[in-house]
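# Secondary and tertiary structure notes
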Amino acid sequence: MRDDSRKLDYIEQVKVPVGELAIGMFVSALDRPWEETPFLFQGFEIKEESDIDAIAQHCRYVYIDSQRTRVLRPSYGTPGGSGSYFRHPPAPRTTAFAKELEVAVTARAKTSSLIKSFMDDIKFGRSIDVQLARSAVSECVASVTRNPEAMMFLAQIRHKDEYTSEHSFDVCVYAIVLGRQIGMQPNELENLGTCGLLHDMGKVSIPPEVLLKKGQLTDEEFALMKKHTLFGRDILMSSRNLFSGAVDVAYAHHENMDGSGYPRGLQGHQLSQNTRIVAVADRYDAITSERVYQKGRTHMEAITLLNKAASKQHLDNSLTVGFVSALGVFPAGSIVELTSGEIAIVLSQNPQHRLRPQILVVRDSRQLPVTNRYVDLAEVETDADGTPYKIKAMHHAGSFGIHLTDFQQEITKAFG
Ligand SMILES: [Fe+2]
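Residues numbered from 1 in each chain as written. Predicted model: local features only at pLDDT ≥ 70, side-chain atom pairs only at ≥ 80, totals over all residues.

## Here's the deal with the overall build of the chain
- Of the regular secondary structure elements, the chain holds 14 helices and 10 strands.
- Expressed as a percentage of its 416 residues, the buried residues of the chain come to 43%.
- Considering only intrachain contacts with a sequence separation of at least 6, the fraction spanning at least 24 residues in the chain is 70%. (Helix = DSSP H or I, 4+ residues; strand = E, 2+ residues; numbered from the N terminus. Buried ≥ 20, exposed ≤ 12 C-beta atoms within 10 Å, placed from the backbone. Contact = placed C-beta atoms within 7 Å.)

In structure tokens:
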């Protein structure tokens, strides 16, 4: 029970920001006198989304009677200003990168195939089972908790034709990585990862000629594209083992902190912590991924754009800072160019030397393939001629024809 919860007439009441309200919650007190609102003073159960919208017009937070609430609430982490998300530093890593990669590959395959089967279910009008998503996500949470870099490496893998399923997995991973960074607990991370995995399910209902259009969308097409938030909400509302937190995130992940987002133009205080986290993860993955209509940007370019979005109050500033810090300077899976002209894949960052990670060199200075050349840049500061040996540039995913999947096995074998 948190500090801002209170006991009143033996009823346990929990203070909840409007952005974290969900259908099934019982509102027993407001942040203002009942007489100043149109609501019944004896309290009421939230029955539909429009009830939440109505509360949002009058209140910033309300008190929920936990005993009369029918749904499990999402994370109650209340943002109260810069840095308030951060409970404690993330736990230290407990496995080596290559060892974790082996396990993470299996978890990724399971999660991706589940998402594909969900997409088929939605296309054929069948309901999806959120509990299946949660159990797949729990393996991702366990992996990220042990060592986030293996999952981050896998999130950098790109296949052009698997846009929605890869994006879902990536956002799930990046959200968990950020959640871990701010000290969220495993159960909260499972909720958060499930929200990330399912946030864009509404895209399945967007016609491919709009979703995958190469040119700019017309006004009508963009209006239709925006509806994926409503479609996602409806799909998740009719799912088995309904999870209200995921409904909320699917509906609200394109809202902006300053109220300029869609579909409802909600303000920051109306957005749940999970929604804010998924929004950051979603934006990062959208910027770095290759699409039919755009080339993927590098990590550095993405960080610049994320910071811009945070300064314009589109994204939560504090969480954006946490995300940048969690990913580090050269995230695992990045393709980098060395001062020698060689090209390498980043494997694992060194917390003591953030500019000198462990790398796998895959092209020589003439761009010809190289095998089994692992270098720990923290230990090799100059080349054979005494010239400084370091990373001089980052390249976007897929550059030089380098596909991370081609190296997965080699890496796990080399270190396994
Ligand atoms: Fe979306």
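## Remarks on the sheet that holds strand β9 (residues 369-376)
- Strands sit in the order β9-β8-β7-β6-β10 across an open sheet of five strands; the sheet is antiparallel. Taken across any chain shown, the strands that pair with only one partner, and hence form the sheet edges, are β9 and β10 (391-395). For this sheet the average axis-to-axis angle between neighbouring strands, irrespective of direction, equals 40 degrees.
- Bridge count for strand β7 (residues 343-350) against strand β8 (residues 353-363) is six bridges, and the pairing is antiparallel. (Pairing = 2+ DSSP bridges. Axes fitted to C-alpha atoms, helices over the stretch in contact; angles between N-to-C directions.)

## Section: helix α12 (residues 299-311)
- With 13 residues, α12 should reach 18 Å at 1.5 Å per residue; the first-to-last C-alpha distance of 18 Å fits that figure.
- His299, Ala302, Leu306, Ala309 and Ala310 are the residues of α12 that are buried. Down the axis of α12, the smallest arc covering the buried residues is 100 degrees, so these residues share one side. Set apart from the buried face of α12 by more than 90 degrees, the exposed residues are Lys308 and Ser311.
- Next to the buried residues of α12 lie α11 (273-288), α13 (317-327) and β10. (Expected span 1.5 Å × (residues − 1). Arc of directions from axis to C-beta.)

## Brief notes about the nonpolar core
- Residues Val173, Ala175, Ile176, Leu178 and Val280 are the most contacted members of the largest nonpolar core, which totals 86 residues.
- Sort the elements by how many residues they give to this core and helix α2 (residues 97-123) lands first, with 10 residues.
- Setting aside anything within four residues of it in sequence, one finds Val173 in contact with Cys140, Val144, Met151, Met152 and Ala155.
- Counting 13 residues, the second-largest nonpolar core is a separate cluster that includes Val18, Met25, Val27 and Ile52. (Core = buried A, V, L, I, M, F, W, Y, C linked by C-beta atoms within 7 Å.)

## Examining the packing of α11 against α13
- For the pair α11 and α13, interaxial distance at closest approach is 10 Å and the crossing angle is 50 degrees. In this view, α11 runs oblique relative to α13, as classed from their interaxial angle. Of the two elements, α11 crosses α13, and the hand of that crossing is right-handed. Within the contact between the two elements, α11 uses Arg276, Ile277, Val280 and Tyr284 and α13 uses Leu319, Thr320 and Phe323.
- Split by residue class, the contact of α11 with α13 holds five nonpolar, one polar and one charged. (Parallel < 35°, antiparallel > 145°, perpendicular 65-115°, else oblique. Left-handed = near helix turned anticlockwise from the far one by under 90°. Nonpolar A, V, L, I, M, F, W, Y, C, P; charged D, E, K, R; others polar.)

## What about the packing of α2 against helix α3 (residues 130-146)?
- Where α2 contacts α3, the two axes come as close as 10 Å, and the packing angle between them is 160 degrees. The angle between α2 and α3 falls in the class roughly antiparallel. Two packed elements cross with a definite hand, and for α2 against α3 that hand is left-handed. For the pair α2 and α3, contact is made by Glu100, Val103, Ala104, Ala107, Lys110, Thr111 and Leu114 and by Leu132, Ala133, Ala136, Glu139, Cys140, Ser143 and Arg146, respectively.

## Focus on the confidence of the model for the chain
- Predicted confidence across the chain gives a mean pLDDT of 86, with 89% of residues reaching 70 or more.
- Low pLDDT, under 50, characterises residues 1-11; the stretch is placed with 11 contacts to residues that sit more than four places away or in other chains.
- Predicted confidence is poor over residues 71-83, with pLDDT under 50, and the contacts of this stretch with residues over four places away or in other chains come to 33 contacts. (pLDDT = per-residue confidence, 0-100.)

## Considering the environment of Arg291
- As for its placement among the helices and strands, Arg291 is situated in the loop between α11 and α12.
- Using a count of 13 C-beta atoms within 10 Å as the deciding quantity, one classes Arg291 as partly exposed.
- A sequence separation of 79 residues divides Arg291 from Leu212, and the C-alpha atoms of the two residues are 8.1 Å apart.

## As for unusual backbone geometry
- Cis geometry marks the peptide bond from Tyr262 to Pro263; its omega dihedral reads 5 degrees.
- Checked against the element boundaries, Pro263 lands in the loop between α10 (244-252) and α11.
- Residues other than glycine seldom take positive phi values, yet Gln367 does so here, at roughly 70 degrees.
- Tracing the backbone through its elements, the reader meets Gln367 in the loop between β8 and β9.
- For Phe400, which is not a glycine, the phi torsion comes out positive at approximately 60 degrees.

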